[in-house]
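Letter by letter, the chains look like this.
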Amino acid sequence: MEIVFSPDAPKPIGPYSQAVKVGDTIYVSGQIPVDPKTGEVVKGGIKEQTKAVLENIKAVLNAAGFSLSDVVMSFVYIKDMNLFSEFNAVYAEYFREKPPARVTVEVSRLPKDVLIEIAVIGSKGV
């Protein structure tokens, strides 16, 4: 088991790792729309926050030698399902070919009261 850390993604705000790599598989913890340089929540709505989350995920994946094309599963937690179509439009820009399997659920509250959190699993064995 290898702990993965990227300075280009937000530091964990609790007792967990940004990601853990086991063999050819990486498990990326839920990322929220926090600017890694300032530690502040990204301004804007669901589109801006989704983009920030996916950029943070890319940074963590890259630190371990993975990319978004290696993502096989994503778990999306969204504050309001009425924002789904706006979220989905941004998400589709990042996963154009062979999109991963996905779970999307509405939740009552997320850390720092953000609108979205996404966790992913990636694999080099595919």
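Our subject is the structure that appears above.
Described in the following lines is the structure provided in the data block. Residue positions are given per chain, counted from 1 along the sequence in the order it is written. For this predicted model, a pLDDT threshold of at least 70 governs which residues receive local features, and a threshold of 80 or more governs which side-chain atom pairs are given and counted, while totals over whole chains, interfaces and linings are taken from all residues. Each side-chain value is worked out from all heavy atoms of the structure, with water and hydrogens disregarded.

A few words now on the pattern of salt bridges. Salt bridges, as used here, are contacts in which a Lys or Arg side-chain nitrogen is within 4 Å of a carboxyl oxygen on Asp or Glu. On inspection of all chains with the given rule, the structure shows three salt bridges. Between Asp 70 and Lys 124 there is a salt bridge; the shortest N-O distance is 3.2 Å. One end of the pair, Asp 70, is in the loop between α1 (46–63) and β4 (71–78); the other, Lys 124, is in the segment after β6 (116–123), with 54 residues separating them in the sequence. Only protein chains enter the accessibility calculation, which uses a 1.4 Å probe. A residue is then buried if its area is under 20% of the maximum for its type, exposed if over 50%, and partly exposed in between. According to the relative accessible area criterion, Asp 70 is buried, its value standing at 11%. One salt bridge connects Arg 109 with Asp 113, and the closest N-O pair in it is separated by 2.7 Å. Labels follow the DSSP assignment, with helices taken as runs of H or I lasting at least four residues and strands as runs of E lasting at least two, numbered in each case from the N terminus.

Counting 27 residues, the largest nonpolar core has Ile 26, Ile 57, Leu 61, Phe 87 and Ile 118 as the members making the most contacts within it. Top contributing element to this core by residue count: α1, with seven residues. Among buried residues, those of type Ala, Val, Leu, Ile, Met, Phe, Trp, Tyr and Cys that are joined through side-chain atoms within 4.5 Å constitute a nonpolar core.

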